[in-house]
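Examining the three-dimensional arrangement
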Amino acid sequence: MPESVTITDNRTGQSIEDPIVEGGVSAAEWAKLLPGIWFYDPGFSATAECESAITYIDGEAGVLEYRGYPIEELAEHSTYLEVAYLLLKGELPNQAQLSSFTSDVTTHTFIHENVKRFLEGFHYDAHPMGMLVSEVAALSTFYPEAKHIDDPAVRMDQILRLIAKMPTLAAATHRFSSGKPFVYPDDTLSFAENFLSMMWKTSEPHFQADPALVRAIDLLFILHADHEQNCSTTTMRVVGSAQADPYSACAAACAALYGPLHGGANEAVLRMLTSIGDISEVPAFVQAVKEGKGRLQGFGHRVYKNYDPRAKIIRKAAYDVFEVVGKNPLLDIALKLEETALADEYFISRRLYPNVDFYSGLIYQAMGFPVEMFTVLFAIPRTAGWMAHWNEMLESKQKIARPRQLYSGSPTRAYVPIEARDAE
Ligand code: ACO
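Attention in this report is confined to the structure presented alongside it. Since we're looking at a predicted model, the values are computed, not measured.

A look at helix 8 (residues 191-200)
Among the 10 residues of helix 8, eight are classified as buried, and the element is accordingly described as predominantly covered. All of the buried residues along helix 8 are F191, A192, N194, F195, L196, S197, M198 and M199. Packing partners of the buried residues in helix 8 comprise helix 3 (80-89), helix 4 (95-106), helix 7 (152-177), helix 9 (211-224) and helix 18 (374-395).

See below:
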């Protein structure tokens, strides 16, 4: 028998049967029975905003899959560009498809010289994420054809551009912040190597990154590439549903990622570990969190009620990086914090586990990235996910996002002239 729920309006006694399809019930049926009665769900905790075939998460079991492939297998065997292809096109590429996709991305890595010029208008201590949001938005003015969102070929051009230019824009914010000359992309390097070259190259003719660090960056890019309907991806889809061009929608997604409850959390983790300062302070810090004095950054997740599978992979990868660059002194505090929290009733009962951000910042810092760059490092790979969702949303001809509200303001009242208003 097909599964369903029955909804009864107790005011009228009328009922409808709503079938459960793919784990959801249709709001259209609800609306037929209850016109003008809205499903109240702040933060969309219980709302499926769309149907998507890109990423699967089972938060209870700690499972994450891109297009059906477990994240652990992709992390072990794949590369970021292969994963970006998978997210966008639904299948892993064969050798010819991967070569062609890699070459397409590689030929789009350069940015217009004017982008460099307006970067120079930022204040010397501008946050790189603030600069990135502005740079991405500005790209829409360089590619006016991007407005033709109904044309799949035009869409694919912008997708390639955004994936390819993100590392260039990201590195440019760092070079500007540190007063160093901008480094042009090197098309002979892989995606991750090229990014490291644009970040760190000085006077050497050809930058050579340590292969272990290149692999670590590529791995982190794979792990951050998509995470279904998170805050920034939802933003991408919502802004995209108004048929805004992809650069404007992507800038909005970057802005959402900038928030400390989302992509800004890895920066917050590092600041938290630094402020704790010493292992001996961990119990007092955890006690303060339990008393409501702040949150344990990098812990908890709206969907995962188990160890975030990405955190497990990153925790392991951290040791490979530390072998090359030396151990991050904050690691011991992080490990003690995790051990203390995972044994504490407060965190156990709320099912709060380390999320992707708990260990990623430690790797980034050990590799020499300034803390302000952490969220930028998240935005680079997440662009593949944002683009895959944007494309999927447009292909499905989704309606403009326009939720309802429960109005709780004043009832209708007459305008009061200013001289008749209460002085207080
Ligand atoms: N530290 C301490 N307590 C916490 C934490 C935390 N990190 N996270 C949740 N809680 C507590 C809440 O206080 C609440 O307790 P209560 O029931 O006694 O009031 C309970 O756990 C449920 O928390 P909510 O805020 O309802 O959970 P929500 O799903 O809305 O929030 C979020 C998820 C935002 C990730 C939250 O866990 C958090 O703030 N974590 C810290 C920031 C962070 O690491 N963000 C990165 C998320 S991953 C990503 O975006 C890439």
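As for the pairing of strand 5 (residues 63-66)
Across the two faces of strand 5 the burial differs, with L64 and Y66 buried and V63 and E65 not buried at all. The sheet contact formed by strand 4 (residues 55-58) and strand 5 spans four bridges and is antiparallel. Bridging across to strand 5, I57 finds its partner in L64. As consecutive antiparallel partners, strand 4 and strand 5 are separated by four residues, and within that stretch G62 has a phi angle of approximately 70 degrees, a positive value. Here two bridges tie strand 5 to strand 6 (residues 69-70), and the two strands are oriented antiparallel to one another. The residue bridging E65 from the neighbouring strand is P70, located in strand 6.

Here we look at a nonpolar patch on the surface
On the surface, V5, I20 and V25 cluster together to form a nonpolar patch covering roughly 200 Å² of accessible area. Considering the arrangement of structural elements, one finds V5 in strand 1 (residues 4-8).

What to know about the packing of helix 14 (residues 309-325) against helix 15 (residues 331-342)
Relative orientation of the contacting elements helix 14 and helix 15 amounts to 165 degrees, with a least axis distance of 13 Å. One element, helix 14, and the other, helix 15, form an angle in the roughly antiparallel class. Crossing angle aside, the handedness with which helix 14 passes helix 15 is left-handed. Two secondary-structure elements touch here, helix 14 through R315, Y319 and F322 and helix 15 through L331, L335 and E338.

With respect to the environment of K116
One can find K116 in helix 5 (residues 113-119). Sequence separation between K116 and M166 is 50 residues; the distance between their C-alpha atoms is 14 Å. Leaving out residues up to four positions away in the same chain, K116 has contacts with F182 and Y184.

Examining the site of the ligand
For the ligand, the set of nearby residues contains 19 residues, the closest of which are R295, L296, G298, F299 and R302. Between the ligand and L296, the relevant distance is 2.7 Å, taken from a nitrogen atom to a main-chain nitrogen or oxygen of the residue. Protein contact buries 72% of the 930 Å² of open area that the ligand shows by itself. Looking at the shell around the ligand residue by residue, the classes come out as nine nonpolar, six polar and four charged.

Considering the side chain of R237
Following the sequence through the fold, R237 ends up in helix 10 (residues 231-241). By relative accessible area, which is 0% here, R237 ends up buried. One polar contact links R237 to H389, side chain to side chain, over a distance of 2.9 Å. Leave out the neighbours within four places in its chain, and R237 touches E49, C50, E51, S52, Q229, H389, E392, M393 and Q398.

Let's talk about the nonpolar core
Core analysis: the biggest nonpolar cluster contains 118 residues, and Y80, F195, F369 and W386 have the highest contact counts within it. When sequence neighbours within four positions are dropped, the list of residues in contact with F195 reads P167, A170, A171, F221, F369, L377 and I380.

Cut-offs and rules
Residues numbered from 1 in each chain as written. Predicted model: local features only at pLDDT ≥ 70, side-chain atom pairs only at ≥ 80, totals over all residues. Heavy atoms only, no water. Buried < 20%, exposed > 50% of the residue type's maximum accessible area, 1.4 Å probe, protein only. Helix = DSSP H or I, 4+ residues; strand = E, 2+ residues; numbered from the N terminus. Contact = heavy atoms within 4.5 Å. Pairing = 2+ DSSP bridges. Patch = residues over 30% accessible without salt bridge, like charges linked within 9 Å, V, L, I, M, F, W, Y side chains within 5 Å. Areas by Shrake-Rupley, 256 points an atom, 1.4 Å probe, with all protein chains shown as cover. Salt bridge = Lys/Arg side-chain N within 4 Å of Asp/Glu carboxyl O. Axes fitted to C-alpha atoms, helices over the stretch in contact; angles between N-to-C directions. Parallel < 35°, antiparallel > 145°, perpendicular 65-115°, else oblique. Left-handed = near helix turned anticlockwise from the far one by under 90°. Near = heavy atom within 4 Å. Polar contact = N/O pair within 3.5 Å; in protein donor to acceptor, adjacent residues only side chain to side chain. Nonpolar A, V, L, I, M, F, W, Y, C, P; charged D, E, K, R; others polar. Core = buried A, V, L, I, M, F, W, Y, C linked by side-chain atoms within 4.5 Å.

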